[in-house]
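So you can see what is in the structure, the chains are spelled out below.
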Amino acid sequence: MSDPVLRLEGLRKVYNPGTPQEQEVLRGINLSLARGELTALIGPSGSGKSTLLNVIGLLDSPSAGELYLMGRPTRDLNDEARTRLRNEAIGFVFQFHHLISAFSVLDNVLMPLMIRHGKPSTADVRLAEQLLAQVGLEGYAGKRAGQLSGGQQQRVAIARALITRPPLLLADEPTGNLDTRTAEQVFELFREINREFGCAVLVVTHDPRLSANCRRSIELVDGHIVRDTGTTP
Ligand SMILES: Nc1ncnc2c1ncn2[C@@H]1O[C@H](COP(=O)(O)OP(=O)(O)OP(=O)(O)O)[C@@H](O)[C@H]1O
Ligand SMILES: [Mg+2]
């Protein structure tokens, strides 16, 4: 059996430790995600979903416990190694897409590769165009990102998150600011990507209809997992 993409052991997160504002937001999370698993993360506002995603995405450090990405423990990594692992292993999609509106759609998608190694190669451009076609934006490569609709921009953000071919895609309420129909289309896209690229997807959503479409859903309440519809062996 290959290592799971992600494994969390007794993960805890305390904000403002040792101050009157101290708050334990993640209270011992154990979780494993297999390669290619599509999982919804649900739970009330303030339950710790974004905190968990940020910790998993190596944007924030846990206060205790261990996080394994592709079987590698991450606790003792220095900043440089964490950044490298994040760039290699993880794609992010946020509620607000954070595209650079004055740049072309193509350049936005290529940005993670340009940050990594400068000028994109012909193969990079070909992959970006392929991903744009995949998200239904064939013919949009040369347009300025700011000229696209909200749903189109979110699809550009998804293509951008996939350009590095990450084994794990994290999405924090990616459909939160979209209308119902567009949200369903974006979610359908996650399912397709999951099927075709085989990357594990962990997606935070408030919409029970969207989470009902995932094979697995995990519910977080007060920093605890209170329900998990399918556990990875
Ligand atoms: N950077 C921070 N510093 C201190 N406290 C924080 C920080 N980020 C979040 N919190 C607190 O941690 C708790 C969990 O927040 P989090 O953003 O993880 O919740 P959430 O489940 O994503 O909520 P929502 O559904 O509203 O997005 C909240 O009480 C919040 O106030
Ligand atoms: Mg949140």
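Note that the structure is predicted; figures quoted are calculated from it, not measured.

A. Representation of the overall build of the protein chain. Of the regular secondary structure elements, the protein chain holds 7 helices and 10 strands. Relative to a compact globule of 233 residues, whose C-alpha radius of gyration would be 17 Å, the protein chain shows 18 Å and is just as compact. Out of the 233 residues in the protein chain, the part that is buried amounts to 48%. Within the protein chain, residue pairs in contact and separated by at least 24 positions form 71% of the contacts whose partners lie at least 6 positions apart. Summing over all exposed atoms, the protein chain offers an accessible surface of approximately 11,100 Å²; the carbon and sulfur share of this is 47%. Within the protein chain, one finds 26 positive and 26 negative side-chain charges whose respective centroids are separated by 3 Å.

B. Broad picture of helix 6 (residues 180-197). The terminal C-alpha atoms of helix 6, which comprises 18 residues, lie 25 Å apart, in line with the 26 Å expected from a rise of 1.5 Å per residue. For helix 6, the secondary structure elements touched by its buried residues are strand 3 (38-42), helix 4 (122-134), helix 5 (150-162), strand 7 (168-172), strand 8 (200-204) and helix 7 (208-212). Taking the backbone nitrogen of R181 as reference, a side-chain oxygen 3.1 Å away marks D179 as the first, capping residue of helix 6. Where helix 6 terminates, the next one or two residues include G198, which has phi positive at roughly 70 degrees.

C. Up close: the nonpolar core. The biggest cluster of nonpolar side chains holds 39 residues, and the ones touching the most others in it are L132, I158, I163 and L169. Breaking this core down by element, the ones donating at least two residues are strand 3, helix 3 (105-117), helix 4, helix 5, strand 7, helix 6 and strand 8. When residues no more than four places from it in sequence are discounted, the contact partners of L132 are V105, L106, V109, L137, E138, A141 and A159. With 27 residues, the next largest nonpolar core counts L85, A89, I90 and L170 among its residues.

D. Structural view of the pairing of strand 10 (residues 224-228). Pairing of strand 9 (residues 216-221) with strand 10 involves 4 bridges; the strand directions are antiparallel. Directly across from L220, in strand 10, lies its bridge partner I225. Between strand 9 and strand 10, which follow one another and run antiparallel, lie 2 residues, and D222 among them has a positive phi close to 50 degrees.

E. Quick peek at the environment of K143. Following the sequence through the fold, K143 ends up in the loop between helix 4 and helix 5. Spatially, the C-alpha atom of K143 lies 9.5 Å from that of A102, the residues being 41 residues apart in sequence. Setting aside chain neighbours within four positions, we find K143 in contact with F103, S104, V105 and L148.

F. Up close: the pattern of salt bridges. Applying the stated criterion to the full structure yields 11 salt bridges. Where E188 meets R191, a salt bridge forms, and the shortest distance between an N and an O atom there is 2.7 Å. Of the two residues, E188 and R191 both sit in helix 6, 3 residues apart, roughly one turn of that helix. A salt bridge links E219 to R227; the shortest N-O distance between them is 3.2 Å. The class for E219 is partly exposed, based on a relative accessible area of 21%.

Scoring rules and cut-offs
Residues numbered from 1 in each chain as written. Chains lettered and ligands numbered in written order. Predicted model: local features only at pLDDT ≥ 70, side-chain atom pairs only at ≥ 80, totals over all residues. Heavy atoms only, no water. Helix = DSSP H or I, 4+ residues; strand = E, 2+ residues; numbered from the N terminus. Rg over C-alpha atoms; globule rule 2.2 N^0.38 Å. Buried < 20%, exposed > 50% of the residue type's maximum accessible area, 1.4 Å probe, protein only. Contact = heavy atoms within 4.5 Å. Areas by Shrake-Rupley, 256 points an atom, 1.4 Å probe, with all protein chains shown as cover. Lys, Arg positive; Asp, Glu negative; His and termini not counted. Charge placed at Lys NZ, Arg CZ, Asp CG, Glu CD. Expected span 1.5 Å × (residues − 1). Polar contact = N/O pair within 3.5 Å; in protein donor to acceptor, adjacent residues only side chain to side chain. Core = buried A, V, L, I, M, F, W, Y, C linked by side-chain atoms within 4.5 Å. Pairing = 2+ DSSP bridges. Salt bridge = Lys/Arg side-chain N within 4 Å of Asp/Glu carboxyl O.

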